[in-house]
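An overview of the molecular structure
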Amino acid sequence: MENKEKYDIIVVGAGHAGCEAAAAAARLGSRVLLITMNMNNMAQMSCNPSIGGIAKGQIVREIDAMGGLTGIISDRTMIQFRMLNLSKGPAMWSPRAQNDRMLFSNEWREHLEGIPTLDFWQDSVDEIIASKGKVTGVNTALGMSFQAKAVILANGTFLNGIIHIGEKQFQGGRIGERSSKSITESLHVLGLESKRMKTGTPARVDGRTLNFDEMTEQKGEDNSQRFSFTETPKLTRQRSCYLTFTSQKVHDILRGGFERSPLFKGRIKGVGPRYCPSIEDKIERFADKEKHQLFIEPEGWNTVEYYVNGFSSSLPEEVQFAALRKVPGFRDAKFFRPGYAIEYDYFPPHQLTFTLETKVIENLFLAGQINGTTGYEEAAAQGIIAGINAHLKLNRKPPFILRRSDAYIGVLIDDLITKGTDEPYRMFTSRAEYRILLRQDNADFRLTRKSNEMGLASEERMRRLEKKYQAIEKIMKFLNKTSVTPGEVESMMNRRGTPGLTQKMKLDSILLRPQISVEDMVEFIPRVADFMRKLGKNINEEIKEAELLVKYNGYIQKEQEIADKMSRLEDIPLKNDIDYHKLKSLSSEAREKLSKVKPATIGQAGRISGVSPADISVLIVYLGR
């Protein structure tokens, strides 16, 4: 049956990528249809009930700065907040929240249902329809046919998903949910290639049966913060997480199940995540380790269910349970369900452009785990970029592409498109060469104006950004122009253990000392306290930003100069129809890699593994530069 209503964009899958894609495209003005197998599981936290973390927290702040919804919904469903890596420099600070799993999904559905130009259909898509190299719609398992000018596929782990628990295996996209069997074959017909990946999740346990006195409590921060740059609710109470460890006895029990492990017996063909291995993989790869840490995380405000972070497993359930009961605090543990591994299809991302549109089928976009990534945050980032660009493409507007020096999202997409991935891709701060520029605190300065210009970030966000900018400017100007005498700061210097002054000095120069903060100046110097008071209430964020810019100004300027220099290569375009095999001065590996990736710029070409500086020189000469 053909649906008479024609849409601008169809989004297939309502995970984190699909929800952000549908929201972005619809709020920009496109008529969007979101198709999902189960409307009760929108943005389901399939694995751990948390948002953010190292580099992932930066991504969530970037999504929020562009007007996305992940940060807002995380703030509204947060049960604990922590800022990771505070012992390191600000480029490494990463916000992380524990969330209420059920509230998170409900909030997403409520926000999506509040968008007038967004429709929903509960069904499974079986086929992607295309004509003359351009997508035209989809067919579903219920026999429905929907037409659209563009389609965004955000299928997560559902494409030919197979779940493994010991010697048992069965089809499923998540435990208790069926997989999608036909989309992969449909895309093969259209000319795309696929491979297999694997991920996994731990057992869930009944918190009423755990002895938390045998674990180490991990409370949230007293002064909790937000992901969103808007006025989301402030967290006033928090739930604790707990830390415990495995032991050699636990490892011995797990080893006893290796004979029945699908991972070691070869039944799992897909490649698993390097940086989030299963517990059996850990004890095999790190045999010298006597113990591994486990984080016991609550699943919400009003549930006794706990997530055992660090104990992902596909071993037989009786082996998982026997081993866990030897972990401190788990002696009497009861289980809600075992851990499992899941294998699924993904489409190597070298087949995409920087807008996440496929190279072989026009107006077909892919976002999330279908591109080989892992993690809610990486998926949501791809979703918002795909949604934006699908809308822009249909309205004949320039694409929205973030460079590596613009955002972690730019690093993520460039890595996928340029380098590809044979294992689940996870973002880390170490992947970003400009991480001093890409801090979590300045995502709004980097991205809100860009997003506002294309119509996604609201005018209210721009007003907030301008107000914040003006306050920071006033603080920095005050610090730069105000001098203090040795006597005015003697008490502060003594208290903070740093040598006193011998003459007058500007506040910004004093602030360069690592022992001194603006907060110290407010406490010990009345003139500073009076100035800050006059600026108004609730300016803590502005004070911290100004302090950071003063302390790290030299590093920031140096990195910006490097980024500007490298960006010149990003401005030299390479046409898509260049026949690299005819450029005999290129190395044979470079000809092969360049033909496969078809880089859009000289800068991108230089980041392809196997393309040397000499090959780049050949390309520049070829272009007549």
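Each value, and the rule that gives it
- Residues numbered from 1 in each chain as written.
- Predicted model: local features only at pLDDT ≥ 70, side-chain atom pairs only at ≥ 80, totals over all residues.
- Heavy atoms only, no water.
- Phe/Tyr/Trp six-rings, centres within 6.5 Å; stacked < 30°, edge-to-face > 60°.
- Helix = DSSP H or I, 4+ residues; strand = E, 2+ residues; numbered from the N terminus.
- Buried < 20%, exposed > 50% of the residue type's maximum accessible area, 1.4 Å probe, protein only.
- Lys NZ or Arg CZ within 6 Å of the ring centre and 35° of its normal.
- Contact = heavy atoms within 4.5 Å.
- Core = buried A, V, L, I, M, F, W, Y, C linked by side-chain atoms within 4.5 Å.
- Axes fitted to C-alpha atoms, helices over the stretch in contact; angles between N-to-C directions.
- Parallel < 35°, antiparallel > 145°, perpendicular 65-115°, else oblique.
- Left-handed = near helix turned anticlockwise from the far one by under 90°.
- Nonpolar A, V, L, I, M, F, W, Y, C, P; charged D, E, K, R; others polar.
- 1 Å grid on protein atoms, 1.4 Å probe; cavity = no way out; pocket = protein on both sides within 12 Å on 5 of 7 lines; lining within 4 Å.
- Points joined across faces, edges and corners; volume = space filled by probe spheres on them.
- Arc of directions from axis to C-beta.
- Pairing = 2+ DSSP bridges.
- Salt bridge = Lys/Arg side-chain N within 4 Å of Asp/Glu carboxyl O.

Remark: the centre distance and the inter-plane angle together describe each pair of aromatic rings, the angle taken between the planes. Applying the stated rule across the entire model yields eight aromatic pairs. When the centroid spacing of 6.3 Å and the interplanar angle of 75° are considered together, the rings of F81 and F227 count as edge-to-face. Of this pair, F81 sits in strand β4 (residues 78-84) while F227 is found in the loop between β13 (216-218) and β14 (241-245), placing the two residues 146 residues apart along the sequence. Note on F227: relative accessible area 0%, which makes it buried. With a centroid separation of 6.3 Å and 50° between ring planes, the pair formed by Y552 and Y555 is classed as tilted. Just above the ring of F245 sits the side chain of K291; from NZ or CZ to the centre is 4.5 Å. The ring of Y425 has R431 sitting right over it, with the charged end atom 4.2 Å from the ring centre.

Relative to the elements of secondary structure, K291 occurs in the loop between α7 (279-285) and β15 (293-298). Taking the C-alpha atoms as reference points, K291 and T244, separated by 47 residues in sequence, lie 9.8 Å from one another. Ignoring any residue separated from it by four or fewer positions in sequence, one finds K291 in contact with F245, T246 and H251.

Attention now goes to the nonpolar core. Core analysis: the biggest nonpolar cluster contains 107 residues, and L153 and I409 have the highest contact counts within it. If you tally residues by element for this core, the top one is helix α9 (residues 376-394), at 11 residues. If sequence neighbours within four positions are ignored, I409 has contacts with I59, E62, I63, M66, A381, I385 and L402. Core analysis: the second largest hydrophobic core is formed by 25 residues, F258, I279, Y306 and A333 among them.

Time to look at the packing of helix α12 (residues 459-481) against helix α16 (residues 526-535). Their axes nearest at 11 Å, the elements α12 and α16 cross at an angle of 165°. By the criterion of interaxial angle, the relationship of α12 to α16 is roughly antiparallel. The element α12 and its partner α16 pack so that their crossing is right-handed. Residues A471, K474, I475 and F478 of α12 touch α16, and the partners they reach there are R527, V528, F531, M532 and L535. A breakdown of the residues in the contact of α12 with α16 according to their chemical character gives seven nonpolar, no polar and two charged.

Of note in this structure, L356 is not a glycine but carries a positive phi near 75°. Inspection of the secondary structure puts L356 in the loop between β18 (340-346) and β19 (364-366). Residue class for L356 comes out buried when judged on its relative accessible area of 1%. Backbone geometry at K598 places phi at a positive 50°, although glycine is not the residue there. Within the fold, K598 resides in the loop between α19 (588-597) and α20 (602-606).

Counted by the stated rule, this structure contains two cavities of 30 Å³ or more. There is about 60 Å³ of room inside the largest cavity. The wall of the largest cavity is formed by F354, I385, F400, I401, L402, I409, G410, I413 and D414. Considering only residue class, the lining of the largest cavity consists of seven nonpolar, one polar and one charged. Here the second largest cavity is characterised by a volume of approximately 40 Å³. Considered class by class, the residues forming the lining of the second largest cavity number three nonpolar, two polar and three charged.

Glancing now at helix α5 (residues 183-190). Each α-helix turn comprises 3.6 residues. Residues three or four places apart therefore point the same way. Residues I183, T184, S186 and L187 constitute the buried set of α5. Each buried residue of α5 lies within a common arc of 160° when the element is viewed along its axis, so the set occupies one face. Trailing α5 by a residue or two, G191 shows a phi angle of about 110°, which is positive.

Another aspect to go through is the pairing of β18. Buried residues dominate β18, accounting for seven of its seven residues. Of the two faces of β18, the one lined by Y340, I342, Y344 and Y346 and the one lined by A341, E343 and D345 are each fully buried. One ladder, built from three bridges, connects strand β10 (residues 162-165) with β18; its direction is antiparallel. Bridge pairing in β18 links I163 to I342. One ladder, built from seven bridges, connects strand β12 (residues 195-206) with β18; its direction is antiparallel. Its bridge partner being in β18, K195 is matched across the sheet by Y346.

What follows covers the pattern of salt bridges. Applying the stated rule across the entire model yields 44 salt bridges. Across the pair D8 and K149 runs a salt bridge whose closest N-O atoms are separated by 3.5 Å. Here K149 lies in strand β9 (residues 145-153) and D8 lies in strand β1 (residues 2-12), a separation of 141 residues in the sequence. Given the relative accessible area of 18%, D8 is considered buried. You can call K149 partly exposed: its relative accessible area is 48%. Across the pair R196 and D345 runs a salt bridge, and its minimum N-O distance is 2.8 Å.

Geometric values such as these leave the question of function open.
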